[in-house]
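Summary of structural features
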Amino acid sequence: MSKAQDWFGTLRGFDLGNGRQGALYALPQLEKAGVGPVSRLPVSIRLVLESVLRNCDGKRVLEQHVRALANWKPNAARTEEIPFVVARIVLQDFTGVPLLVDLAAMRSALARLGRDPKRVEPLVPVDLVVDHSVQVDYYGTAEALTKNLELEFKRNRERYEFLKWGMQAFETFKVVPPGIGIVHQVNLEYLAKGVLSCPSTVNDQPSTLFYPDTLVGTDSHTTMINGLGIVGWGVGGIEAEAGMLGQPVYFLTPDVVGVNLTGALREGVTATDVALTVTQMLRKAKVVGKFVEYFGPGAAALPVVDRATIANMAPEYGATLGLFPVDEECVKYLRATGRSEEHCRIYENYYRAQGLFGIPKRGEIDYSVELELDLGTVVPSVAGPKRPQDRIELPNLKREFLAALTRPITENGFGRAAAEVGKSFEVAVKTGLPAGGGSRKSVSAGEGQLRHGSVLIAAITSCTNTSNPSVMLAAGLLAKKAVERGLQVNPLVKASLAPGSRVVTDYLNQTGLQPYLDQLGFNLVGYGCMTCIGNSGPLPAPVDEALSKHDVVAASVLSGNRNFEARVHQSIKANFLMSPPLVVAFALAGRVDVDLSREPVGQGKGGEDVYLKDIWPSLQEVRELMHTALKPEVFQRLYRDFVGQNPKWNEIPVKAGEVYQWDAGSTYIQEPPFFQEFGVQPGEIREIKGARPLAIFGDSVTTDHISPAASIRKTSPAGKYLIERGVAVEDFNSYGSRRGNDRVMTRGTFANVRIKNLMVPGTEGGVTRCFAGKGCECAPGETVSIYDAAMAYQKEGTPLVVIAGQEYGTGSSRDWAAKGTALLGVKAVVAQSFERIHRSNLVGMGVLPLQFKEGTNAQTLKLDGTETFDVLGLGPGLKPQQELSLRLTRANGQVETVPVTCRIDTRIEIEYYRHGGILPYVLRQLAAQSPGSEATAKG
Ligand code: SF4
């Protein structure tokens, strides 16, 4: 039990609603004490302020931090960093396994130094949900769920054994096993409490201290929880590890953009349409790195599930978070999802006592900028074919797709000749037959016409939408009407339904809608991310062959939030995001070059045309079924003892011990090299001299380009490595699932088949020109894999740089995009702009992010990759955002120097960089605290 410190005299009691009193750090008291105009601050800022106030200890968090944030100004230079101590951490398995590998490696390092390995222990609760590993191998059959789960356990057994070791080794680390749901939906429906408590001593009396539920997650879409009034966002695994080990999460004081929602959704419009509209609108408003907060009557009228869909897509609009403040709707949601009556009362009373209950009205809060959206103006939409912010109104999809088909690749098109547009190719397929052997019963095997715009994947997927019963029920209702009219899905379409929790299955069964989805091939394939993360599984071999032979621009339609190239499936180039009912509609139409507002979805029983309006469910029809979706007893039953309900998980043996016994033969889990030569003293910051470019990229290089999550090609460096170790190609699994093995991941860095290195014009995939001298057997300037070139440069001790365009590292938060970059030997990335998390991950791994000045880039400098680079001005006195010089020496000896901004943004990041990254920084602190720290350490 800790003693509550009270630097500002704000500790107060509040009524728990059960005759007892609890304690809180009262924000209104700060204002009364004259510290700052707290009641005018955005709600998100106040929730962070509560954490800063409560954790103010004069060491990690200082009095001045409280004063600065209490006096946040809507418009000011943003130079101050905020130390945010979060209440808990959520992980998914793709990022969680490598994080656990790092923690295990830190324990091994402490043990080697003769220190107590148990110093490495999460200080806040950590929940890992295993959701990213299951793949759509089987589909279109009632057995798909079981068979995909069996394959998942077979492929991932070693990783799951490792997770079980983590569960016994760390006290505050819990795992939600496979087959339960998707991390953000499980968080919304079960893990999130809204308000947390701990025993404390207040005024020398035992008490219970209450505080807001806040978190960071190692997944970009952690923001979905903002729909329930909870502050949280995605961070890199390295930052999350530091957060677990007692470091605050540091971030620059943000601008807060208020979005005034008015009006109400019209008939035919879904929450997904709003999310896509908001994404496009806020992208244009440049909210990157800012907080977004919704207010106004439209926001107040939205149910939590719709708010969560909108908040989920905050990374797509570029914001750090997208918060809907706590109000009656949140209390209603907590109650409906089985949280106890007593807890709901405390939750409401807590936020009322803090003056934080209710959605603000215009004029009540001072935002940096105010925007406005009338929900009544939102229309049915999709987004694609390559970016989530490229919204297309439904009637325009046909025109937009055909235009993109012939537009040059450099203008975000597919570069096809006009003569190619109408061509089609016969493909014979056994219906729905995947590599794993499923089959759709309702449609017979046959031939299909494959052409540009054919829909080959139709997936109801992603927590964005599967957490929202209104759109899931709408999909079921649309399927029912379609089946009743005699519509069928084309045999070429791989359809699937992958909800984010078992509650969805419960209500789709209760309402009798699942059998209709089944008849159209939307059988349940698993409870996990599946198609959303790129685990869409193989297409039937004849289809895949035809795609590559004829270079067809085929389409996927999915209810996800991301559609970057090769994310959904490596062979599918056009990917459209849309609501679940529209996914079913486009599966029925079988193509995206169709105007569903005028052209039929298909032909009914009697050969008559059936239009979208004939099968689209009304808002009233959806509303009538909503009560089936939010039953407290169903949530309580399905979220009770899910470990006990999971025999496959229980069959996995548990390795014991505080320090992990690494198995050199494992191809999944290896001790990473980060701490193998670890010493207790950091080095000094020095200039980078004579660096070679490993790659030159254009704009919008995503973390998936840098570190792909999807399948591993057998001809790639990672594929060759696995084959050398006796792994059969069918057992390769994905890069995402092998993030516990640095050998695979380093080879997979920049190995996305779609990445374009401008040093080798006209190529796709992870290749570069290598100019290594003594480290290399190839001819100077020869094209080789990026991995081989990096190793050759490492051998001769040449540092590397990567040059990039705008939005470098956009997409999912992915530490391996930074870890792999560091392990390849890249010392600096010079880009026109960086995505927020990726920039901080680079610093977290000791890689220097540098930003070109406006108007300068690889093209203006006429870089072709034959240059060498020096970064000048780096030294022990480095300051945040300092201007440095990039000196380039061309092959002909000509020298040019341009200024660049060092994107180490905060003082603490300078410390991280000096230590070679966050983890060495934290480990050195732990080693210093540990008994035996006086011993001399190796390294
Ligand atoms: S379903 Fe998609 S958005 Fe949700 S956690 Fe999984 S990958 Fe992320």
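This write-up is about the structure you can find in this document. Computed from a predicted structure; not experimentally measured. (Residues numbered from 1 in each chain as written. Predicted model: local features only at pLDDT ≥ 70, side-chain atom pairs only at ≥ 80, totals over all residues. Heavy atoms only, no water.)

1. Section: the overall build of the protein
Selection rule: In this description a helix means any DSSP run of H or I spanning at least four residues, a strand means any run of E spanning at least two, and both kinds are numbered starting from the N terminus. It is over C-alpha atoms that the radius of gyration is taken, and the globule rule equals 2.2 Å times the number of residues to the power 0.38. To sort residues, take the accessible area from a 1.4 Å probe on protein chains only and compare it with the maximum for the residue type: under 20% means buried, over 50% means exposed, and anything in between is partly exposed. Whether two residues are in contact is decided by their heavy atoms: any pair within 4.5 Å suffices. Note that accessible areas follow from Shrake-Rupley with a 1.4 Å probe, and for residues the cover is restricted to the protein chains shown.
Within the protein, the regular secondary structure consists of 32 helices and 35 strands. The globule rule puts the C-alpha radius of gyration for 939 residues at 30 Å, and the 27 Å found for the protein is close to it. Projected onto its principal axes, the C-alpha coordinates of the protein cover approximately 85 × 80 × 55 Å. A buried classification covers 65% of the 939 residues belonging to the protein. Put simply, of all contacts in the protein between residues at least 6 apart along the chain, 75% involve residues at least 24 apart. When the accessible surface of the protein is summed, it comes to about 32000 Å², and 50% of that surface belongs to carbon and sulfur atoms.

2. Description of the nonpolar core
So the rule is basically this: Take the buried residues of types Ala, Val, Leu, Ile, Met, Phe, Trp, Tyr and Cys, join any two whose side-chain atoms come within 4.5 Å, and each joined set is a nonpolar core.
Core analysis: the largest hydrophobic core is formed by 282 residues, its most contacted members being Tyr294, Tyr317, Phe522 and Tyr808. When residues in this core are grouped by element, the largest group, eleven residues, is from helix α4 (residues 93–112). For Tyr808, the contacting residues outside a window of four places in its chain are Phe697, Val701, Ile706, Phe750, Val802, Val829, Ala831, Ser833, Phe834, Glu835 and His838. In terms of nonpolar packing, the next biggest core, distinct from the first, is built from 30 residues, Val801, Ile803, Leu878 and Leu886 among them.

3. Some details on helix α31 (residues 907–914)
For α31, the complete set of buried residues consists of Ile908, Glu909, Ile910, Tyr912 and Tyr913. Buried residues in α31 make contact with β4 (81–84), β12 (249–252), α30 (836–844), β32 (848–852) and α32 (918–929).

4. Notes on the sheet that holds strand β10 (residues 214–217)
Here is the rule we go by: When DSSP finds two or more bridges between a pair of strands, those strands are recorded as paired. Axes here refer to lines fitted to C-alpha atoms; in helices the fit is confined to the stretch in contact. Angles between the N-to-C directions go from 0 to 180 degrees.
Pairing is parallel in the open sheet, where five strands are placed in the order β7-β6-β5-β10-β11. Only two strands of the sheet have a single partner each, and these edge strands are β7 (173–176) and β11 (231–234). On average, each strand axis in the sheet is tilted by 20° relative to the strand beside it, whichever way the strands run. Pairing analysis gives four bridges linking strand β6 (residues 126–129) to β7, with the strands arranged parallel. The residue of β7 that forms the bridge with Val126 is Phe173.

5. Quick look at the site of the ligand
The line we're drawing: Only heavy atoms are used to decide nearness, and a residue is near a molecule or strand if one of them lies within 4 Å of it. Computed over the protein atoms alone on a 1 Å grid, cavities are sets of points where a 1.4 Å probe fits but cannot get out and pockets are open sets with protein on both sides within 12 Å along at least five of seven lines; a residue lines them when it has an atom within 4 Å of a point. Throughout, a molecule is located in a cavity or pocket provided that more than half of its atoms lie within 2 Å of its grid points. Gly is placed with the polar residues, together with every amino acid not listed as nonpolar (Ala, Val, Leu, Ile, Met, Phe, Trp, Tyr, Cys and Pro) or charged (Asp, Glu, Lys and Arg).
Close contacts around the ligand come from His132, Ile182, His184, Asp219, His221, Ser462, Cys463, Cys529, Cys532, Ile533, Asn561 and Arg567, and that covers them all. Spatially, the ligand is embedded in the largest cavity. Here the shell around the ligand is built from residues that sort into five nonpolar, five polar and two charged.

6. Here we look at the pairing of strand β34 (residues 883–889)
Taken residue by residue, a regular strand's side chains alternate between the two faces of the sheet. Residues Leu884, Leu886 and Leu888 point to one face of β34 and are all buried, whereas Glu883, Ser885, Arg887 and Thr889, pointing to the other face, are not buried. Of the strand pairs in this sheet, strand β33 (residues 868–872) and β34 are connected by five bridges, and their pairing is antiparallel. Directly across from Leu872, in β34, lies its bridge partner Ser885. Both β34 and strand β35 (residues 895–902) contribute to a ladder of seven bridges, which runs antiparallel. From the neighbouring strand, Thr889 faces β35, where its bridge partner is Val895.

7. Quick notes on the pattern of salt bridges
Side-chain pairs of opposite charge can arise whenever the charged atoms involved come near each other. Rules: Take a side-chain nitrogen of Lys or Arg and a carboxyl oxygen of Asp or Glu: if they are within 4 Å of each other, that pair is a salt bridge.
For the structure on display, the rule yields 49 salt bridges. When the shortest N-O distance is used, the salt bridge between Asp551 and Arg416 registers 3.2 Å. Residue Asp551 is located in the loop between α19 (541–550) and β23 (555–558), and its partner Arg416 is located in the loop between α14 (397–406) and β19 (424–429); the two are separated by 135 residues in the primary sequence. The exposure class of Arg416 is buried, given its relative accessible area of 11%. Residues Arg914 and Glu911 are paired through a salt bridge, measuring 3.2 Å at the closest nitrogen-oxygen approach. Highlighted residues: Arg914 and Glu911, both in helix α31, separated by three residues, approximately one helical turn. In this structure, a network of salt bridges that share partners links the residues Lys398, Arg451, Arg591, Asp593 and Glu599.

8. Things to note about the sheet that holds β34
By definition, the strands of a sheet pair up through backbone hydrogen bonds, in either a parallel or an antiparallel sense. Reading around the circumference, β27-β30-β31-β32-β35-β34-β33 is the order of the seven strands in this closed barrel, with mixed pairing throughout. Direction aside, the axes of adjacent strands within the sheet are offset by 40° on average. Where β32 meets β35, three bridges bridge the pair, whose relative direction is antiparallel. Counterpart to Leu850 in the pairing with β35 is Cys902.

9. Notes on the packing of helix α10 (residues 304–312) against helix α12 (residues 328–336)
Worth spelling out the cut-off: An angle below 35 degrees is read as roughly parallel, one above 145 as roughly antiparallel, one from 65 to 115 as roughly perpendicular, and any other as oblique.
Between α10 and α12, the shortest axis-to-axis distance is 9 Å and the interhelical angle comes to 105°. By the angle class used here, α10 and α12 are roughly perpendicular. Between α10 and α12, the residues in contact are Val304, Val305 and Arg307 and Glu329, Cys330 and Tyr333, respectively.

10. Quick notes on empty space enclosed by the protein
The criterion, for reference: Grid points are joined across faces, edges and corners, and a volume is the space filled by probe spheres set on the points.
Scanning the model with the defined rule gives four cavities of 30 Å³ or more in all. By volume, the largest cavity amounts to about 190 Å³. Contributing to the lining of the largest cavity are 21 residues, with His132, Asp219, His221, Ile533 and Arg567 lying nearest its centre. The class makeup of the residues in the lining of the largest cavity is six nonpolar, ten polar and five charged. Its boundaries defined by the atoms lining it, the second largest cavity holds a volume of some 60 Å³. As for the second largest cavity, its lining consists of 14 residues, and the residues nearest its centre are Glu189, Ser467, Pro469, Val503 and Tyr507. Where the lining of the second largest cavity is concerned, the elements lending two or more residues are α6 (183–191) and α17 (502–510). Here the element with the most residues in the lining of the second largest cavity is α17; it accounts for three residues. Residue classes in the lining of the second largest cavity are distributed as eight nonpolar, five polar and one charged.

11. Things to note about the packing of aromatic side chains
Applicable threshold: Any two of the Phe, Tyr and Trp rings considered here, Trp counted by its six-membered ring, make a pair once their centres fall within 6.5 Å; the pair's planes then place it as stacked at under 30 degrees, edge-to-face at over 60, or tilted in between. Comment: the charge-over-ring label is applied if NZ (Lys) or CZ (Arg) is within 6 Å of the ring centre and within 35 degrees of the ring normal.
Going through the model one piece at a time under the given rule, you end up with 26 aromatic pairs. Between Tyr294 and Phe324 the ring centres are 4.4 Å apart and the planes differ by 15°, which places this aromatic pair in the stacked class. Taken as a pair, Tyr294 in strand β14 (residues 291–295) and Phe324 in the loop between β15 (321–323) and α12 lie far apart in primary sequence, 30 residues in all. Taken together, a centroid distance of 6.3 Å and an interplanar angle of 80° make the contact between Phe674 and Phe675 edge-to-face. Residue classification places Phe675 among the buried residues on the basis of a relative accessible area of 2%. What links up through ring pairs into an aromatic cluster is the set Phe14, Phe210, Tyr347, Tyr350 and Tyr351. A cation sits over an aromatic face here: Lys164 above Trp649, 5.3 Å from the ring centre. Directly above the ring of Tyr190 sits Lys193, whose terminal nitrogen or CZ lies 5.4 Å from the centroid.

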